[in-house]
Amino acid sequence: MFSPVESRRLYRQVADQIRLMIARGELTVGQRLPAERDLAEQLSVSRPTVREALIVLEVEGLVNIRMGSGIYVVRQHASTVAGSDREPVEGPFELLQARAIIECAIAEEAAGCAGPEGIALLDEALTRMSGGVNDASTVLAADRAFHTGIAAIVGNATLIRVTGEMFDMRMTPYFAKLASHFEGPGTWRSAVDEHRVIRDAIAAGDGAGAKAAMRAHLTLSQKRFSESFGEELSGEEERGRKRRLAKGTDKIQPKLGRRER
């Protein structure tokens, strides 16, 4: 019998390669991995791809990401991860891209049919969100209510379901681990401000403005997750990094199926 052929995401291939190097002892416990940007260069993939791979390895307990210091190997064999939580199909950045494509169109449509009741629902979600920035579960619930509330204005049950399902896809150990490094009261306050711009455009019946505001919000969300969590190199360390790259030392050899564009 033939088995289904799976198209493996690049970040999963990167995680597989680093995981194998750790298991073989090529990367040892306590060793600091090359900087995130170096890994991206060596593997010919984007930094978000490397970041998603490292988050997978951190959830598995193989590496520890220390903000402002770097990524360190902490154990040789992966801890047990439940089958339902292992290797998600979509990475966080792919999910955010999909949300931008779909929710921008929903926001534009909502601006053409929003009534007082729909706007009141958005206002209620914003009030709960702004008052809950110090509690992750509260602010996430209000965030979800805001986005599904926009779809509810359109009045299409499929759009409401899809919007909610896309939001709920961030409720995985992998997305939660990524968020733990970057989300906090400050980023949530920024998100509230971005939501208000979306709300105001919808209330004003400005479809183009609502679409642009939603795209700006989700683009900024992606940017917040793209801040460096690796080490900040001193001048001497940066020169040493360039020397190692020039000599081809301290490298992870790319073994991926294709180059990422």
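The structure presented is a predicted model; accordingly, all values stated were derived computationally and were not measured.

On to the overall build of the protein chain, then. Helices and strands together make up the secondary structure of the protein chain, namely 11 helices and 2 strands. Helices (α) and strands (β) of the protein chain occur, in sequence order from the N terminus, as α-α-α-β-β-α-α-α-α-α-α-α-α. Taking all 261 residues of the protein chain together, 43% fall into the buried category. Contacts spanning at least 24 positions in sequence make up 75% of the contacts within the protein chain whose residues lie at least 6 apart.

A few words now on the confidence of the model for the protein chain. Overall, the predicted model of the protein chain reaches an average pLDDT of 83, with 79% of residues at or above 70. Taken element by element, the predicted model of the protein chain shows its lowest mean pLDDT in helix H11 (residues 235-247) (53) and its highest in helix H5 (residues 116-131) (97). Considering only residues more than four positions removed or in separate chains, one finds that residues 1-7, a stretch of pLDDT under 50, has 1 contact. In this model, residues 257-261 is a region of pLDDT below 50 whose contacts with residues beyond four sequence positions or in other chains number 8 contacts.

Glancing now at empty space enclosed by the protein. Unfilled space is identified by rolling a water-sized probe across the atoms. As enumerated under the stated definition, the model contains 2 cavities of 30 Å³ or more in all. There is about 180 Å³ of room inside the largest cavity. Arg170, Glu183, Trp188, Ser221 and Arg224 are, among the 17 residues lining the largest cavity, the residues nearest its centre. Residue composition of the lining of the largest cavity, by class: 8 nonpolar, 4 polar and 5 charged.

A few words on the pattern of salt bridges. In the structure shown here, the tally under the stated rule is 13 salt bridges. The salt bridge partner of Arg144 is Asp168, with a shortest N-O separation of 2.8 Å. Note that Arg144 is positioned in helix H6 (residues 136-154) and Asp168 in helix H7 (residues 157-168), a separation of 24 residues in sequence. With a relative accessible area of 33%, Asp168 lands in the partly exposed category.

Moving on, we get to helix H2 (residues 36-43). Think of an α-helix as 3.6 residues a turn; residues three or four steps apart then line up on the same face. Judged by how many residues are buried, H2 sits mostly within the fold: 6 of 8 residues are covered. Count one or two residues on from H2 and you reach Ser44, which has phi positive near 55°.

Another point: the layout of surface pockets. Estimated volume of the second largest pocket: approximately 170 Å³. Only H6, helix H8 (173-182) and helix H9 (185-203) provide two or more residues apiece to the lining of the second largest pocket. The leading source of residues in the lining of the second largest pocket is H8, at 3 residues. Class assignment of the residues belonging to the lining of the second largest pocket gives a composition of 8 nonpolar, 3 polar and 3 charged.

This next bit is on unusual backbone geometry. The residue Ser44 is not glycine, and still its phi comes out positive at about 55°. The topology assignment puts Ser44 in the loop between H2 and helix H3 (47-59). A relative accessible area of 23% places Ser44 in the partly exposed class.

We now examine the packing of aromatic side chains. In total, this model carries 1 aromatic pair according to the counting rule given. Measuring from centroid to centroid gives 5.4 Å for Phe175 and Phe225, while their planes differ by 85°, and the two rings are edge-to-face. Of the two residues, Phe175 is situated in helix H8 and Phe225 in the loop between helix H10 (207-224) and H11; the sequence distance between them amounts to 50 residues. The burial state of Phe175 is the same as that of Phe225; both residues are buried.

Taking 1.5 Å per residue, 19 residues should reach 27 Å; H6 reaches 28 Å between its end C-alpha atoms and fits that length. Taken as a whole, H6 has its buried residues at Val139, Leu140, Ala142, Asp143, Phe146, His147, Thr148, Gly149, Ile150, Ala151 and Ile153. Considering only its buried residues, H6 is in contact with helix H4 (92-111), H5, H7, H9 and H10. At the C-terminal side of H6, Gly155 shows a positive phi close to 80°.

Further remarks concern the nonpolar core. Core analysis: the largest hydrophobic core is formed by 34 residues, its most contacted members being Ile18, Ile22, Leu33, Leu54 and Phe225. Going through the elements one at a time, helix H1 (10-23), H2, H3, strand S1 (63-66), strand S2 (70-73), H4 and H8 are the ones with two or more residues in this core. The greatest single-element share of this core, amounting to 7 residues, is contributed by H1. Judged by nonpolar contacts, the second largest core, of 30 residues, contains Met129, Trp188, Ala191 and Val192.

Each regular strand shows side chains that alternate between the opposite faces of the sheet. Of the two faces of S1, the one holding Val63 and Ile65 is buried and the one holding Asn64 and Arg66 is not buried anywhere. Bridge count for S1 against S2 is 4 bridges, and the pairing is antiparallel. Across the sheet, the residue bridging to Ile65 is Ile71, located in S2. Turn length for the S1-S2 hairpin, with the two strands adjacent in sequence and antiparallel, is 3 residues, and the turn residue Gly68 shows positive phi of about 80°.

Rules used in this analysis
- Residues numbered from 1 in each chain as written.
- Predicted model: local features only at pLDDT ≥ 70, side-chain atom pairs only at ≥ 80, totals over all residues.
- Heavy atoms only, no water.
- Helix = DSSP H or I, 4+ residues; strand = E, 2+ residues; numbered from the N terminus.
- Buried < 20%, exposed > 50% of the residue type's maximum accessible area, 1.4 Å probe, protein only.
- Contact = heavy atoms within 4.5 Å.
- pLDDT = per-residue confidence, 0-100.
- 1 Å grid on protein atoms, 1.4 Å probe; cavity = no way out; pocket = protein on both sides within 12 Å on 5 of 7 lines; lining within 4 Å.
- Points joined across faces, edges and corners; volume = space filled by probe spheres on them.
- Nonpolar A, V, L, I, M, F, W, Y, C, P; charged D, E, K, R; others polar.
- Salt bridge = Lys/Arg side-chain N within 4 Å of Asp/Glu carboxyl O.
- Phe/Tyr/Trp six-rings, centres within 6.5 Å; stacked < 30°, edge-to-face > 60°.
- Expected span 1.5 Å × (residues − 1).
- Core = buried A, V, L, I, M, F, W, Y, C linked by side-chain atoms within 4.5 Å.
- Pairing = 2+ DSSP bridges.

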